[in-house]
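Residues per chain, in single letters:
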Amino acid sequence: MSDVEKSAYRRDARRGIDDECLQSGLQKIQNRFGKGAMHYWAETADDGLRDRVKKSRMETLENLDVVLSMLADNIEAAGGHVYYARTAEDAVDYCRRVAVKNEVKSVVKGKSMTSAEIGLDAVLEAEGMEVTETDLGEFIIQLGEDRPSHIIAPCIHLDRQRIGRLFQEKLDIPYSEEPPELTQAARRALRKILLEADMGITGCNFAVAETGKISLVSNEGNIRMSTTMPRIHLALMGIERVAATMSDHQGMLQLLTRGAALQKLSTYVSFVGGPRQPGDPDGPEEFHLVMIDNGRSRILADEEFREVLACIRCGACLNICPVYGKIGGHAYNSPYPGPIGAVVSPLLFGINRYADLCKGESLCGACLDVCPVRIDLPRMLLALRRKLAYGDPAWQTTRHKWLEAMGFRLWRTLIASGPAYRLALRCAGLLQKPFISKSGMIKKMAGPASAWTRDRDLPPLASEPFSRRWKKKYSQAAKATSSEVDNG
Amino acid sequence: MDEKGAFLATIREALGYPGEEVRTAGECRRLFDPGDDGDIFDRITYRTHVEKQSLLKLMMENAVPLNLGVHPVRSFAAAARTIGDIVSAARPEFGDIRQIIQHDDDDIARLQLWKKFAGQAVTVHTSYQADMAVREKAIASYVGITAPRWAVADSATIVEITGPGRPRSTSLLPSVHIALLRIEHLLADLGEAYALLRKNPPQESVVFISGPSKTADIEAHMVHGAHGPREMHLVVIDERMTADRNYQGSGLFPAE
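Small disclaimer: the values here were computed from a predicted structure and weren't measured.

**Quick word on the overall build of chain A**
Here is step 1 of the chain: Within chain A, the regular secondary structure consists of 22 helices and 10 strands.
Here is step 2 of the chain: Seen along its three principal axes, the alpha-carbon backbone of chain A occupies a region of about 100 × 55 × 45 Å.
Here is step 3 of the chain: Split into buried and exposed, the 488 residues of chain A put 55% on the buried side.
Here is step 4 of the chain: Taking the intrachain contacts of chain A between residues at least 6 apart in sequence as the baseline, contacts between residues at least 24 apart amount to 72%.
Here is step 5 of the chain: Only carbon and sulfur atoms are counted for the fraction: they give 54% of the accessible area of chain A, which is about 21,700 Å².
Here is step 6 of the chain: Each charge class in chain A can be summarised by its mean position, and for the 66 positive and 61 negative side chains these summaries are 10 Å apart.

**What to know about the confidence of the model for chain B**
Here is step 1 of the chain: On average, residues of chain B score 93 in pLDDT, and 96% of them are at 70 or above.
Here is step 2 of the chain: With pTM at 0.92, the complex prediction returns an ipTM value of 0.95.

**Points about the nonpolar core**
Here is step 1 of the chain: Counting residues in each nonpolar core, the largest one holds 121 residues, and the members touching the most others are Met291(A), Val308(A) and Phe208(B).
Here is step 2 of the chain: Not counting residues up to four positions away in its chain, the partners in contact with Val308(A) are Ile299(A), Ile340(A), Val343(A), Val344(A), Leu347(A), Ile375(A), Leu377(A) and Met380(A).
Here is step 3 of the chain: Counting 25 residues, the second-largest nonpolar core is a separate cluster that includes Val108(A), Leu166(A), Leu182(A) and Met229(A).

**As for helix H4 (residues 64–77) of chain A**
All names here are of chain A.
Here is step 1 of the chain: Here H4 is 14 residues long and its end C-alpha atoms lie 20 Å apart, about the 20 Å a rise of 1.5 Å per residue gives.
Here is step 2 of the chain: Of the positions making up H4, those classed as buried are Leu 64, Asp 65, Val 66, Val 67, Leu 68, Ser 69, Leu 71, Ala 72 and Ile 75.
Here is step 3 of the chain: Directly beyond the C-terminal end of H4, a positive phi value near 95 degrees is found at Gly 79.

**Some points on the environment of Ile86(B)**
Residues and elements named next belong to chain B.
Here is step 1 of the chain: Positionally, Ile 86 belongs in helix H4 (residues 76–89).
Here is step 2 of the chain: On the accessibility criterion, Ile 86 (9% relative accessible area) is buried.
Here is step 3 of the chain: Sequence-wise, Ile 86 and His 233 are 147 residues apart; in three dimensions their C-alpha atoms are separated by 8.7 Å.
Here is step 4 of the chain: Residues within four places of Ile 86 in sequence aside, it is in contact with His 71, Val 176, Ile 178, Glu 231 and His 233.

**Describing the packing of aromatic side chains**
Geometrically, a pair of aromatic rings is defined through the distance of the ring centres and the angle of the planes.
Here is step 1 of the chain: A full pass over the atoms with the stated rule returns 12 aromatic pairs over all chains.
Here is step 2 of the chain: Their ring planes at 65 degrees and their centres at 5.3 Å tell us that Phe271(A) and Phe208(B) sit as a pair that is edge-to-face. One end of the pair, Phe271(A), is in strand S9 (residues 268–272); the other, Phe208(B), is in strand S9 (residues 206–209), on a second chain. Accessibility classification places Phe271(A) together with Phe208(B) in one group, the buried group.
Here is step 3 of the chain: With a centroid separation of 6.1 Å and 75 degrees between ring planes, the pair formed by Trp411(A) and Tyr421(A) is classed as edge-to-face. With a gap of 10 residues between them, Trp411(A) in helix H20 (residues 402–416) and Tyr421(A) in helix H21 (residues 418–431) connect regions that are remote in the sequence.
Here is step 4 of the chain: Residue Trp411(A) is classed as partly exposed on the basis of its relative accessible area of 44%.
Here is step 5 of the chain: Owing to a relative accessible area of 24%, Tyr421(A) belongs among the partly exposed residues under this scheme.
Here is step 6 of the chain: Members of the aromatic cluster, connected to one another through ring pairs, are Tyr9(A), Tyr324(A) and Tyr332(A).
Here is step 7 of the chain: Here the basic side chain of Arg110(B) rests over the ring of Phe76(B), its NZ or CZ set 3.8 Å away from the ring centre.

**With respect to a negative patch on the surface**
Here is step 1 of the chain: Among the surface-exposed residues, Glu13(B), Glu20(B), Glu21(B) and Glu27(B) lie close enough to one another that they form a single negatively charged patch.
Here is step 2 of the chain: Position of Glu13(B) among the secondary structure elements: in helix H1 (residues 3–14).

**Comments concerning the sheet that holds strand S3 (residues 130–133) of chain A**
Residues and elements named next belong to chain A.
Here is step 1 of the chain: Across the sheet, 6 strands lie side by side as S1-S10-S7-S4-S2-S3; this open sheet has parallel pairing. The open sheet terminates on both sides in strands that have one partner only, identified here as strand S1 (81–85) and S3. With direction set aside, neighbouring strand axes in the sheet form an average angle of 20 degrees.
Here is step 2 of the chain: Pairing between strand S2 (residues 106–109) and strand S4 (residues 199–202): 3 bridges, direction parallel. Following the sheet pairing, Val 107 is matched in S4 by Met 199.

**Some words on the domain arrangement of chain A**
Here is step 1 of the chain: We note that the domain assignment places domain 1 (46–294) and domain 2 (432–487) within chain A.
Here is step 2 of the chain: Relative placement of domain 1 of chain A and domain 2 of chain A: their C-alpha centres are 56 Å apart.

**Brief notes about the environment of Thr162(B)**
Here is step 1 of the chain: Mapped onto the elements, Thr162(B) comes out in the loop between strand S6 (157–161) and strand S7 (176–182).
Here is step 2 of the chain: Judged by relative accessible area, which is 7%, Thr162(B) ranks as buried.
Here is step 3 of the chain: Counting along the chain gives 44 residues from Thr162(B) to Val206(B), while the straight-line C-alpha distance between them is 6.3 Å.
Here is step 4 of the chain: Not counting chain neighbours up to four residues away, the residues in contact with Thr162(B) comprise Asp280(A), Pro281(A), Asp282(A), Arg168(B), Glu204(B) and Ser205(B).
Here is step 5 of the chain: Within polar-contact distance, the side chain of Thr162(B) engages the side chain of Ser205(B) at 2.6 Å.

**Let's talk about the pairing of S2(A)**
All names here are of chain A.
Here is step 1 of the chain: Burial of the side chains of S2 extends over both faces: Ser 106 and Val 108 are buried on one face and Val 107 and Lys 109 on the other.
Here is step 2 of the chain: With 4 bridges connecting them, S2 and S3 associate as parallel partners. Paired with Lys 109 across the two strands is Glu 133, which belongs to S3.

**Some words on the interface of chain A and chain B**
In many analyses, interface size is given as the accessible surface area lost on bringing the parts together.
Here is step 1 of the chain: On the side of chain B, 70 residues touch chain A, which itself brings 89 residues to the contact.
Here is step 2 of the chain: Of the roughly 7,100 Å² buried between chain A and chain B on both sides combined, carbon and sulfur atoms contribute 58%.
Here is step 3 of the chain: Viewed at the interface, chain B and chain A are joined by 8 salt bridges.
Here is step 4 of the chain: The shortest N-O distance in the salt bridge between Arg23(B) and Asp65(A) comes to 2.9 Å.
Here is step 5 of the chain: The element that contributes the greatest number of residues to the side of chain A that touches chain B is helix H10 (residues 179–196) of chain A, accounting for 11 residues.
Here is step 6 of the chain: Taken together, the residues that form the side of chain A that touches chain B break down as 40 nonpolar, 26 polar and 23 charged.

**Quick word on the sheet that holds strand S4 (residues 143–146) of chain B**
Residues and elements named next belong to chain B.
Here is step 1 of the chain: Reading across from one edge, S1-S12-S7-S4-S2-S3 is the order of the 6 strands in this open sheet, with parallel pairing throughout. For this open sheet the edge positions go to strand S1 (68–73) and strand S3 (122–126), each flanked by a neighbour on one side alone. Sheet twist, expressed as the mean angle between neighbouring strand axes with direction ignored, is 20 degrees.
Here is step 2 of the chain: Here 4 bridges tie S4 to S7, and the two strands are oriented parallel to one another. Note that in S7 the partner of Val 143 across the bridge is Val 176.

About the cut-offs
- Residues numbered from 1 in each chain as written.
- Chains lettered and ligands numbered in written order.
- Predicted model: local features only at pLDDT ≥ 70, side-chain atom pairs only at ≥ 80, totals over all residues.
- Heavy atoms only, no water.
- Helix = DSSP H or I, 4+ residues; strand = E, 2+ residues; numbered from the N terminus.
- Buried < 20%, exposed > 50% of the residue type's maximum accessible area, 1.4 Å probe, protein only.
- Contact = heavy atoms within 4.5 Å.
- Areas by Shrake-Rupley, 256 points an atom, 1.4 Å probe, with all protein chains shown as cover.
- Lys, Arg positive; Asp, Glu negative; His and termini not counted.
- Charge placed at Lys NZ, Arg CZ, Asp CG, Glu CD.
- pLDDT = per-residue confidence, 0-100.
- Core = buried A, V, L, I, M, F, W, Y, C linked by side-chain atoms within 4.5 Å.
- Expected span 1.5 Å × (residues − 1).
- Phe/Tyr/Trp six-rings, centres within 6.5 Å; stacked < 30°, edge-to-face > 60°.
- Lys NZ or Arg CZ within 6 Å of the ring centre and 35° of its normal.
- Patch = residues over 30% accessible without salt bridge, like charges linked within 9 Å, V, L, I, M, F, W, Y side chains within 5 Å.
- Salt bridge = Lys/Arg side-chain N within 4 Å of Asp/Glu carboxyl O.
- Pairing = 2+ DSSP bridges.
- Axes fitted to C-alpha atoms, helices over the stretch in contact; angles between N-to-C directions.
- Domains from an automatic or database assignment.
- Polar contact = N/O pair within 3.5 Å; in protein donor to acceptor, adjacent residues only side chain to side chain.
- Buried area = accessible area lost by both parts, 1.4 Å probe.
- Nonpolar A, V, L, I, M, F, W, Y, C, P; charged D, E, K, R; others polar.

Spelled out as structure tokens, the structure:
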């Protein structure tokens with residue numbers, strides 16, 4: 001993980017909003033997949049599946065020690081290796097050792113956010129190995145020395161013209177902006193690399209403890225290639241990405257492909273694990289599974305946040321989130337963007353360091369509605385804000401701003417005392433006049449309050465406060481009633 | 001404590017259990033409850049042929065949006081003709097030489113495809129277990145023919161299990177993938193496939209394939225043929241198909 005400066009979120013969000021290409025990409029994906037998923041959940045009669053899967057996810061997490069132990073035993077029984085990485089550094093170092101020991105020259109990767117989380121590529125490249133992303137979107141990102149901006153569609157911020165120019169320059173082909181031609185060019189370039197690679201590195205959608213297999217989902221076939229053709233397959237797995245049984249797996253798989261792209265099933269779902277068996281015609285000679293903690297056990301230990309580990313990484317929340325839909329993925333400065341990233345990035349990499357992420361989300365609740373396993377992200381966003389505001393030694397957060405805390409205390413006192421509040425309102429009503437802009441909104445406040453209006457507009461106070469309007473109406477009604485009584 | 005022990009101890013402590021006390025699957029029996037698949041097996045076992053024909057019809061509908069061609073045929077001879085036509089129509093993508101590769105499978109062998117291309121320069125390879133050049137032959141082939149274990153009508157999926165004579169690469173490297181299935185091995189939904197996989201968990205790798213390889217990474221524009229086959233066909237042999245019970249919309253399957 002690269003270091004993130006404090007102001008990165010504000011700066012990159014602004015860049016995202018100004019990027020027309022990103023905006024049209026975001027709109028496309030949100031209109032199609034975000035709205036589509038909402039529509040699908042609304043139309044589906046049997047809603048029991050989501051609750052069942054959520055329940056089994058939570059039960060698996062509550063027994064994660066047993067589930068992981070069984071998975072490891074089964075993988076080792078099949079001749080595979082399991083490595084237990086406490087930190088990102090542990091995981092990277094193990095991958096490096098396996099690659100060096102086997103004299104690996106070329107590594108092909110299936111899309112894996114975990115590999116970005118642990119910062120694997122640079123270390124392998126420093127050993128002189130050639131590392132190639134094989135998912136088309138990730139390949140484009142790698143060619144452009146760019147960063148992915150979506151969990152499922154990594155290069156949604158690029159249009160076909162930019163990709164066309166990139167391919168023209170890097171793959172040395174005539175310019176084209178037709179997706180079929182560009183795809184064909186990448187297919188040819190990558191096929192050669194895939195067939196000659198020594199090692200394939202993938203993530204793990206879900207492992208299955210009882211069968212000792214990991215399952216990988218893809219539409220392109222690059223993951224099948226990366227796990228079939230090279231002589232070594234190494235899979236990176238966050239400790240939470242596991243199902244106890246095949247029955248649990250079935251539900252998770254169905255929700256994953258629905259949530260991600262409204263598919264009944266992805267083109268390929270592979271179950272692999274262990275080196276090729278005697279008599280097996282192909283598959284890797286060596287198989288390694290790297291179980292990565294890197295802060296996850298701390299999330300597991302906190303009951304307030306445990307639920308976030310139930311996530312199946314479908315990306316549906318990105319496709320519906322109004323904030324992600326405007327600022328795009330880069331502003332999150334994490335392999336995990338969007339609402340899920342706004343919760344999981346601070347928990348994994350530091351709440352203070354990623355403080356802006358939870359504060360930037362709108363708490364509208366759309367991510368909860370669309371989530372196939374109904375993870376309550378808004379609740380956890382609030383919990384993170386609370387940790388930032390009040391401080392929590394367990395998460396190394398300290399009281400955020402004493403001035404802000406004072407302000408709110410003053411506000412509490414004021415609002416609880418009727419006359420003082422009404423007086424303050426009347427004063428503020430007069431004082432606000434010079435600040436109201438042509439659009440009828442307050443765009444700039446004075447003093448410490450100016451920080452608040454740096455990114456937001458504030459509606460002005462009504463010329464007649466609600467309390468007075470209420471009183472007027474109420475007293476008129478009271479008069480009317482009493483006159484009725486008189487006439488009666 | 002070894003690495004595994006220490007790693008799992010941290011997780012146990014996170015869950016509120018003493019780190020040093022190893023817990024077993026017996027302590028969370030409900031989580032590993034195998035459930036009862038009896039009803040599912042009954043459904044599969046007692047499914048009539050007519051019901052299977054309806055499933056095939058459903059599979060054909062579900063295959064359309066996936067760009068998967070489903071071809072019901074009445075006999076092995078007809079299957080061989082259909083496959084021969086597909087092979088003849090396709091052209092090699094990575095080179096000029098026309099080679100195809102097929103799984104070492106009794107049903108595929110019965111097709112005698114090597115006879116089909118008498119007039120054409122098509123070489124037919126078979127992925128025999130003893131052949132050390134299978135990988136090379138799969139790379140060189142532009143059509144791969146496999147015999148999946150089952151197919152699933154609801155999601156238009158085939159289920160392949162790796163084994164001797166059945167490499168994974170046959171359905172992956174060639175530009176065109178043709179799968180050969182008997183209608184008897186057609187299942188209704190993914191739940192049935194999972195139940196069968198639970199009953200006899202394969203040691204080898206398993207793959208679900210639903211149509212040709214595809215990508216939508218460039219402007220969410222769908223393109224077929226990303227890294228795997230760009231064309232896929234499923235040839236289903238229904239030896240009890242009759243003139244009034246065929247798949248063109250007459251008899252059993254009234255036109256819609």
